[in-house]
Amino acid sequence: THQWRGIIEEYRDRLPVTDTTPVVTLREGGTPLVPAQVLSERTGCEVHLKVEGANPTGSFKDRGMTMAISKAKEEGARAVICASTGNTSASAAAYAVRAGMVSAVLVPQGKIALGKMGQALVHGAKILQVDGNFDDCLTLARSLSENYPVALVNSVNPVRIEGQKTAAFEIVDMLGDAPDIHVLPVGNAGNITAYWKGYTEYAADAMSTHRPRMWGFQASGSAPLVRGEVVKDPSTIATAIRIGNPASWDYAIAARDESGGFIDEVTDREILRAYRLLAAQEGVFVEPASAASVAGLLKAAEQGKVDPGQRIVCTVTGNGLKDPDWAVAGAPQPVTVPVDAAAAAERLGLA
Ligand code: F0G
């Protein structure tokens, strides 16, 4: 009986750890790569979904957090801090518990999904709601980590990127080579940076024959990389990617340009359409921000940018249960029936 050991043990020789690094893990990674039948039909391509909502705290952040918390523990830190739109804070809170550390999280007031707030609370994080947006939270977290005894575990910490690059390794290991195109949502731009690093390292070691083109998608109201300038007051229903000044800006542009890819935007309407398609037609329930990758792929296909026959991977970054309001909103209310088979059968259209 063997189970996946977590990304540090599975990819130890490709990560900056030693025999004495304490491994703080919840057995993250090893997530499903699911063939997407409807998306494949629509695009004429072979489309796969990398379902990162299957990680222990429900998002890809766990890959970076096992590294960040393990290294912080190795260095003797007692407390960690992060700014977050919700997923990083949920992950930091959980891994801090495993490490016996205190976690502090800074979130934009009123702009994080309830499920994510619940995670930080139940794992015992010290939570401050900041009267500002994510970018303000990150400025504050950086300042606190520079002036007080607390380690920063945002993706500006390079070991976070190291952990997150393992998702690219898993994809190549599963497919036998890199895909032609990799599509993902972009917020603070750590993940697109990490995937590109992972694909680049594998290609350099001849683990793949090529690297994919990287296609990133931001929400229209929060698309600084598309506009080429900081967005002062970012807005989108996809709160996870409501970010106006991405920390990994230059790395994201490098990933785009070195891969021959592009970074574009999708509207909230397009995001919600993809969100519903994923749930209703692929059986995969994601949070709204995650659907930005699929919305982007569909937009690109409609624009004729997707040549048929290619192998495409879309990362869906977080679990739908984190933000279920969008699943319920606009859906018809379930009807109530008495404990009566005939009545139930009639309501179900079986009779
Ligand atoms: N998707 C989800 C579900 C996220 O939570 C995030 C980022 C992204 C996509 C974008 O990834 O920032 O690496 O470009 N969430 C961060 C957080 C900001 O605080 O949880 P990115």
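Just so it is clear, the model here is predicted, and its values are computed rather than measured.

## A word on the sheet that holds strand S4 (residues 102-108)
Pairing is parallel in the open sheet, where four strands are placed in the order S5-S4-S3-S6. Taken across any chain shown, the strands that pair with only one partner, and hence form the sheet edges, are strand S5 (126-130) and strand S6 (151-152). Two elements, S4 and S5, share five bridges in a ladder whose sense is parallel. If you follow Pro-108 over to S5, its bridge partner there is Val-130. Across the sheet, helix H6 (residues 134-147) lies against strand S3 (79-83), S4, S5 and S6, angled at about 155° from S3, the strand it touches most.

## Some points on the pattern of salt bridges
This model, assessed by the stated rule, comprises 16 salt bridges. For Arg-311, the salt bridge is made with Glu-46, and the minimal N-O distance between the two is 2.8 Å. With a gap of 265 residues between them, Arg-311 in strand S10 (residues 311-316) and Glu-46 in strand S2 (residues 46-51) connect regions that are remote in the sequence. In this structure Arg-311 comes out as partly exposed when scored by relative accessible area, which is 25%. Linking Asp-264 and Lys-299 is a salt bridge whose minimum nitrogen-to-oxygen distance equals 3.2 Å. With Asp-264 in strand S9 (residues 262-266) and Lys-299 in helix H13 (residues 291-302), the pair connects residues that are 35 residues apart, well separated along the chain.

## Quick word on the UniProt feature "modified residue: N6-(pyridoxal phosphate)lysine" (unreviewed entry) in the protein chain
In the numbering used here, UniProt assigns the feature "modified residue: N6-(pyridoxal phosphate)lysine" (unreviewed entry) to Lys-61. By the element assignment, Lys-61 lies in helix H3 (residues 61-74). Relative accessible area serves as the criterion here: at 17%, Lys-61 is assigned to the buried category. If near-sequence neighbours (up to four positions away) are discounted, Lys-61 is found in contact with Asn-87, Thr-88, Ser-91 and Arg-160.

## A word on the site of the ligand
Of all residues adjacent to the ligand, which total 18 residues, the nearest are Ser-84, Gly-187, Asn-188, Ala-189 and Thr-317. Between Thr-85 and the ligand, the recorded distance is 2.8 Å, taken from a backbone N or O atom to an oxygen atom. Between the ligand and Thr-88 there is a distance of 2.8 Å, counted from an oxygen atom to a backbone nitrogen or oxygen. The protein chains hide 99% of the 480 Å² of surface that the ligand would expose on its own. Residue assignment for the shell around the ligand shows that the elements contributing at least two residues are helix H4 (87-99) and helix H9 (190-204). Across the shell around the ligand, the residue classes break down as six nonpolar, ten polar and two charged.

## Concerning the confidence of the model for the protein chain
When pLDDT is averaged along the protein chain, the result is 97; 100% of the residues meet or exceed 70. In the predicted assembly, ipTM is 0.99 and pTM is 0.97.

## Quick notes on the UniProt feature "binding site: pyridoxal 5'-phosphate" (unreviewed entry) in the protein chain
With numbering matched to this structure, UniProt assigns "binding site: pyridoxal 5'-phosphate" (unreviewed entry) to Asn-87, Gly-187, Asn-188, Ala-189, Gly-190, Asn-191 and Thr-317. What stands out for the annotated residues spanning 231 residues is how close their C-alpha atoms remain, the widest pair being 14.3 Å apart. Mapped onto the elements, Ala-189 comes out in the loop between strand S7 (181-185) and H9. Judged by relative accessible area, Ala-189 falls into the buried class, the value being 4%. Other than its neighbours up to four places away in sequence, Ala-189 contacts Leu-225, Pro-246, Ser-248 and Ala-252.

## Description of the sheet that holds S10
Across the sheet, which stays open at both edges, the six strands sit in the order S1-S2-S10-S7-S8-S9 with mixed pairing between neighbours. Looking at which strands have only one partner, the edges of the open sheet turn out to be strand S1 (33-35) and S9. Each strand of the sheet is rotated relative to its neighbour by a mean of 25°, with strand direction disregarded. Alignment of S2 against S10, held across six bridges, turns out to be parallel. Across the sheet, Lys-50 pairs through a bridge with Thr-315, a residue of S10. Packed onto the sheet, helix H12 (residues 268-282) meets S1, S2, strand S8 (213-219), S9 and S10 and runs at close to 90° relative to S9.

Criteria and cut-off values
Residues numbered from 1 in each chain as written. Predicted model: local features only at pLDDT ≥ 70, side-chain atom pairs only at ≥ 80, totals over all residues. Heavy atoms only, no water. Pairing = 2+ DSSP bridges. Helix = DSSP H or I, 4+ residues; strand = E, 2+ residues; numbered from the N terminus. Contact = heavy atoms within 4.5 Å. Axes fitted to C-alpha atoms, helices over the stretch in contact; angles between N-to-C directions. Salt bridge = Lys/Arg side-chain N within 4 Å of Asp/Glu carboxyl O. Buried < 20%, exposed > 50% of the residue type's maximum accessible area, 1.4 Å probe, protein only. UniProt positions renumbered as here; feature names shortened; annotations may be inferred. Near = heavy atom within 4 Å. Polar contact = N/O pair within 3.5 Å; in protein donor to acceptor, adjacent residues only side chain to side chain. Areas by Shrake-Rupley, 256 points an atom, 1.4 Å probe, with all protein chains shown as cover. Nonpolar A, V, L, I, M, F, W, Y, C, P; charged D, E, K, R; others polar. pLDDT = per-residue confidence, 0-100.

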